[in-house]
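# Overview (structure and organization)
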Amino acid sequence: MNPETPRRWFASDFFLNMLATLVGVLLAFWLTEWASDRDFKSKERHLLQEVHHELSVNLKDLQLNLNGHHSSIASTKALGKLLTDPNASMDTLYFHYIAALRDFTSIQHTAAYETLKSRGVESVTNDSLRTQIADLYDFDFESIQKIEEEYSPHEFFEHYNEPILQSLAKCFDFGATDKAKARIMPLTQLPAIEKNLLNARLRKLIYDRQFSIMNYEGVIKKLEKTLKDLETELAKG
């Protein structure tokens with residue numbers, strides 16, 4: 001036997017053992033990375049599903065307030081018509097008075113987003129989607145909240161109730177149990193200066209409501225796009 005043969009066998013066995021070890025290490029590493037990536041994607045998917053559900057609820061709340069502002073404008077315009085038509089019915093005056101001056105609160109659910117932030121916003125790998133979600137919660141929702149709850153001119157009841165009520169009370173008996181006897185006189189018979197002031201206040205009410213509506217519509221449009229993008233991302237599986 002060639003004296004070099006055992007050495008070759010030893011070298012060959014050593015190489016095969018090293019190769020097997022290396023393959024085993026690489027396979028174990030790959031399996032660990034695969035499991036980690038699968039776990040990461042599973043958690044990301046769950047977070048996105050939670051955010052999608054939460055944004056869907058927030059969308060309904062925003063639309064509810066938006067419709068409320070539109071309804072308030074309609075009631076404000078109905079009060080305005082009473083200033084020009086002496087024969088207009090006053091049966092719904094109390095309803096329109098309440099609806100025109102009602103305030104709204106901004107209700108936004110943020111639990112899913114807070115969970116996302118606690119785990120790191122990088123949990124969402126889609127850069128564009130991550131930015132959209134953060135902008136909605138950290139900017140748009142906060143802007144709506146400030147408009148509704150911190151912007152003084154939009155505290156409608158506080159600012160408008162007393163002066164408008166003083167004018168309306170001269171024309172309508174709010175304590176009358178018989179609606180037919182509630183009418184004292186048409187609003188058109190108010191003194192010119194008082195009628196002019198009342199008309200100016202109603203116009204200002206409409207303007208402020210329209211400002212709110214413009215902001216709501218902008219946020220709702222962005223929210224609807226984000227929901228569609230979330231659905232596209234979740235559809236990838």
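Just so you know, these numbers come straight off a predicted model, no measurement behind them.

### Notes on the overall build of the protein
The secondary structure content of the protein amounts to 6 helices and 0 strands. Helices (α) and strands (β) of the protein occur, in sequence order from the N terminus, as α-α-α-α-α-α. Looking at the protein residue by residue over its 237 residues, the buried ones come to 34%. Summed over all atoms, the accessible surface of the protein reaches about 14600 Å², with 58% contributed by carbon and sulfur.

### A closer look at the packing of aromatic side chains
Each aromatic ring pair is described using two quantities: the centre-to-centre distance and the angle formed by the ring planes. Counted according to the given criterion, the structure contains 6 aromatic pairs. Between tyrosine 97 and phenylalanine 174, the ring centres sit 5.7 Å apart and the planes meet at 50°, which makes this aromatic pair tilted. Placement of tyrosine 97 in helix α2 (residues 93-101) and of phenylalanine 174 in the loop between α5 (156-168) and α6 (192-235) is noted, with a sequence separation of 77 residues between them. Taking the relative accessible area as the measure of exposure, phenylalanine 174 reaches 28% and is therefore partly exposed. Taking the centre distance of 5.1 Å and the plane angle of 70° together, the rings of phenylalanine 172 and phenylalanine 174 count as edge-to-face. Given a relative accessible area of 11%, phenylalanine 172 falls into the buried group. These aromatic residues form a ring-pair network of at least three members: Tyr94, Tyr97, Phe172 and Phe174. Directly above the ring of phenylalanine 156 sits arginine 209, whose terminal nitrogen or CZ lies 3.9 Å from the centroid.

### Regarding a nonpolar patch on the surface
A surface patch of nonpolar side chains, about 290 Å² in accessible area, is lined by Tyr151, Phe211 and Met214. Structurally, tyrosine 151 can be placed in the loop between α4 (127-149) and α5. When its relative accessible area of 37% is taken as the criterion, tyrosine 151 is described as partly exposed.

### Looking at the confidence of the model for the protein
Residues of the protein with pLDDT of at least 70 account for 83%, and the chain-wide mean is 85. For the protein, per-element mean pLDDT is lowest for helix α1 (residues 4-82), which scores 75, and highest for α6, which scores 95.

### Observations concerning α4
In this model α4 runs 32 Å from its N-terminal to its C-terminal C-alpha over 23 residues, within 8% of the 33 Å that 1.5 Å per residue would give. Of all the bends in α4, the largest measures some 40° and sits at leucine 136. Every buried residue belonging to α4 is among Leu129, Gln132, Ile133, Leu136, Tyr137, Asp140, Phe141, Ile144, Ile147 and Glu148, and all of these are buried. Capping the start of α4, asparagine 126 holds a side-chain oxygen 3.1 Å from the backbone nitrogen of serine 128, two or three residues further along.

### Observations regarding the nonpolar core
A general feature of soluble globular proteins is that nonpolar side chains tend to end up buried together. Of all hydrophobic cores here, the largest spans 27 residues; its most connected members are Val51, Leu55, Leu62, Ile133, Phe141 and Leu223. Those elements giving two or more residues to this core turn out to be α1, α3 (111-119), α4 and α6. Excluding residues that lie within four positions of it along the chain, isoleucine 133 makes contacts with Leu48, Val51, Tyr113, Leu116, Thr226 and Leu230. Within the second largest apolar cluster, 21 residues are counted, among which are Leu82, Phe156, Leu168 and Leu198.

### Quick look at the side chain of glutamate 194
The topology assignment puts glutamate 194 in helix α6. On the accessibility criterion, glutamate 194 (14% relative accessible area) is buried. Non-local contacts of glutamate 194, meaning those with residues more than four positions away in its chain, are made with Gln166, Ser167 and Lys170.

### Points about the pattern of salt bridges
Enumeration over the complete set of coordinates arrives at 7 salt bridges. Glutamate 114 serves as the salt-bridge partner of lysine 117, at 3.7 Å between the closest nitrogen and oxygen. You can see lysine 117 and its partner glutamate 114 sitting in helix α3, 3 residues apart, about one turn around the helix. Between aspartate 140 and lysine 222 there is a salt bridge whose closest N-O contact spans 2.8 Å. Here aspartate 140 is found in helix α4, whereas its partner lysine 222 is found in helix α6, with 82 residues between them in sequence.

### Observations concerning the packing of α2 against α5
The N-to-C vectors of α2 and α5 enclose an angle of 155°; their axes lie 9 Å apart at closest approach. Classified by the angle between their axes, α2 and α5 sit roughly antiparallel to one another. Contact with α2, carried on its side by Leu93, Tyr97 and Leu101, involves Phe156, Phe157, Tyr160, Asn161, Ile164, Leu165 and Leu168 of α5 and no other residues of that element. Counted by class, the contact of α2 with α5 contains 9 nonpolar, 1 polar and no charged residues.

Here is what the cut-offs are and how they apply
- Residues numbered from 1 in each chain as written.
- Predicted model: local features only at pLDDT ≥ 70, side-chain atom pairs only at ≥ 80, totals over all residues.
- Heavy atoms only, no water.
- Helix = DSSP H or I, 4+ residues; strand = E, 2+ residues; numbered from the N terminus.
- Buried < 20%, exposed > 50% of the residue type's maximum accessible area, 1.4 Å probe, protein only.
- Areas by Shrake-Rupley, 256 points an atom, 1.4 Å probe, with all protein chains shown as cover.
- Phe/Tyr/Trp six-rings, centres within 6.5 Å; stacked < 30°, edge-to-face > 60°.
- Lys NZ or Arg CZ within 6 Å of the ring centre and 35° of its normal.
- Patch = residues over 30% accessible without salt bridge, like charges linked within 9 Å, V, L, I, M, F, W, Y side chains within 5 Å.
- Salt bridge = Lys/Arg side-chain N within 4 Å of Asp/Glu carboxyl O.
- pLDDT = per-residue confidence, 0-100.
- Expected span 1.5 Å × (residues − 1).
- Bend = angle between axes of the 7 residues up to and from the residue.
- Polar contact = N/O pair within 3.5 Å; in protein donor to acceptor, adjacent residues only side chain to side chain.
- Core = buried A, V, L, I, M, F, W, Y, C linked by side-chain atoms within 4.5 Å.
- Contact = heavy atoms within 4.5 Å.
- Axes fitted to C-alpha atoms, helices over the stretch in contact; angles between N-to-C directions.
- Parallel < 35°, antiparallel > 145°, perpendicular 65-115°, else oblique.
- Nonpolar A, V, L, I, M, F, W, Y, C, P; charged D, E, K, R; others polar.

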